[in-house]
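This is what each chain is made of:
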Amino acid sequence: MNKLLEKAIKEFDRINGEDPRQQRIGRKSYAREFIFAQKVYAWVERLSPSAPEDIRLAARSHTLRRWEIPRNGYRMDIGGYHQWRSATAAHAADAAADILKRVGYPDVIVREVKRIIAGHRHPSDPDTQLLEDADVLAFLEIKLEDYLARWDETRVRRILEGTWSKMSPAARGMALAMPLDPRVKKLIAGLPQK
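Residues numbered from 1 in each chain as written. Predicted model: local features only at pLDDT ≥ 70, side-chain atom pairs only at ≥ 80, totals over all residues. Heavy atoms only, no water.

1. So, the overall build of the protein chain
Each helix and strand counted, the protein chain has 9 helices and 2 strands in total. Principal axes of the C-alpha set define a box for the protein chain whose edges measure 45 × 35 × 35 Å. Going through the 194 residues of the protein chain one by one, you find that 48% of them count as buried. The long-range fraction of contacts in the protein chain, counting pairs at least 24 apart against all pairs at least 6 apart in sequence, stands at 62%. For the protein chain, the accessible area works out to roughly 10000 Å², and carbon and sulfur atoms hold 54% of it. In the protein chain, which carries 35 positive and 27 negative side-chain charges, the distance between the mean positions of the two groups comes to 3 Å. (Helix = DSSP H or I, 4+ residues; strand = E, 2+ residues; numbered from the N terminus. Buried < 20%, exposed > 50% of the residue type's maximum accessible area, 1.4 Å probe, protein only. Contact = heavy atoms within 4.5 Å. Areas by Shrake-Rupley, 256 points an atom, 1.4 Å probe, with all protein chains shown as cover. Lys, Arg positive; Asp, Glu negative; His and termini not counted. Charge placed at Lys NZ, Arg CZ, Asp CG, Glu CD.)

Structure below.
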């Protein structure tokens, strides 16, 4: 890992470590965005071991300071969710850009990381598709199980349908191989596989 990447990741992790929300994994609890960003980064490396530095930076920073924009500040429907996601992506992109400039990245990398984070939902772009795949795989790995107790099956199915439709075939294959909750596996088995 080069020095700039190392410095940026250290700063991203420091900020994500300030997330007051906790994510339990096994017997340990972590700051939610801290552990999520690490998982997304790890999935990027698994999906594309030669992923360029700008995608790695975006993976580690695409949810920076997400907790500062509460989900309940938006309508609790699909449209509200998409508005919230756009707002948190813009917020994270700006926070990441500030850090990247401070640690010494050139403007071209800063702009590209911002583009990948803000364009996080555009499947025609391989960079943003890679980040989307890694984000979804990390969600399935560590976040979805927490929601199973709070959401009814209809809601979980609807979320999985939307999530599944955004994934590349390679990411879907990895998801199917994950040790997921049997309820989730059953729901995924009922989704269109194309």
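2. A look at the side chain of serine 168
Summarising the element assignment, serine 168 is placed in the loop between helix H7 (153–166) and helix H8 (169–177). If we skip the residues at most four places from it in the chain, serine 168 touches Gln129 and Asp133.

3. Details of the pairing of strand S1 (residues 22–25)
Bridge analysis of S1 against strand S2 (residues 28–31) gives 4 bridges, and the strand direction is antiparallel. Looking across to S2, one finds that arginine 24 is bridged to serine 29. Where S1 folds back onto S2 in an antiparallel hairpin, the turn is made up of 2 residues, including glycine 26, whose phi is positive at roughly 65 degrees. (Pairing = 2+ DSSP bridges.)

4. Structural notes on the packing of aromatic side chains
This structure, assessed with the given rule, holds 3 aromatic pairs. Where tyrosine 147 meets tryptophan 151, the ring centres are 4.1 Å apart and the plane angle is 0 degrees; that geometry is what we call stacked. The rings of Phe139, Tyr147 and Trp151 are connected pair by pair, giving a single aromatic cluster. The positively charged end of arginine 60 is found above the aromatic ring belonging to tyrosine 41, 4.8 Å away from the centroid. For the cation-ring pair, lysine 143 lies above phenylalanine 36, with the distance from its terminal atom to the ring centre recorded as 3.8 Å. (Phe/Tyr/Trp six-rings, centres within 6.5 Å; stacked < 30°, edge-to-face > 60°. Lys NZ or Arg CZ within 6 Å of the ring centre and 35° of its normal.)

5. Re the nonpolar core
Formed by 57 residues in total, the largest nonpolar core has its most connected members in Leu140 and Leu160. Sorting elements by how many residues they give to this core places helix H6 (residues 126–148) first, with 12 residues. Dropping the residues within four chain positions of it, leucine 140 is found in contact with Leu160, Ala175, Met178 and Leu180. (Core = buried A, V, L, I, M, F, W, Y, C linked by side-chain atoms within 4.5 Å.)

6. Examining the pattern of salt bridges
In total, this model carries 20 salt bridges according to the counting rule given. Each of Glu11, Arg14, Glu18, Arg65, Glu68 and Arg102 takes part in salt bridges that share partners, so that together they form one network. (Salt bridge = Lys/Arg side-chain N within 4 Å of Asp/Glu carboxyl O.)

7. Some remarks on helix H2 (residues 32–47)
With 16 residues, H2 extends 22 Å from end C-alpha to end C-alpha; this agrees with the ideal 22 Å at 1.5 Å per step. Elements in contact with the buried residues of H2: helix H1 (3–16), S1, S2, helix H3 (53–61), H6 and H8. (Expected span 1.5 Å × (residues − 1).)

8. As for the packing of helix H5 (residues 107–118) against H6
The geometry of H5 relative to H6 is characterised by a closest axis approach of 9 Å and an angle of 55 degrees between their N-to-C directions. Judged on the interaxial angle alone, H6 and H5 are oblique. Relative to H6, the crossing made by H5 is right-handed. Across the interface between the two elements, Glu112, Arg115 and Ile116 of H5 pack against Asp127, Thr128 and Leu131 of H6. (Axes fitted to C-alpha atoms, helices over the stretch in contact; angles between N-to-C directions. Parallel < 35°, antiparallel > 145°, perpendicular 65-115°, else oblique. Left-handed = near helix turned anticlockwise from the far one by under 90°.)

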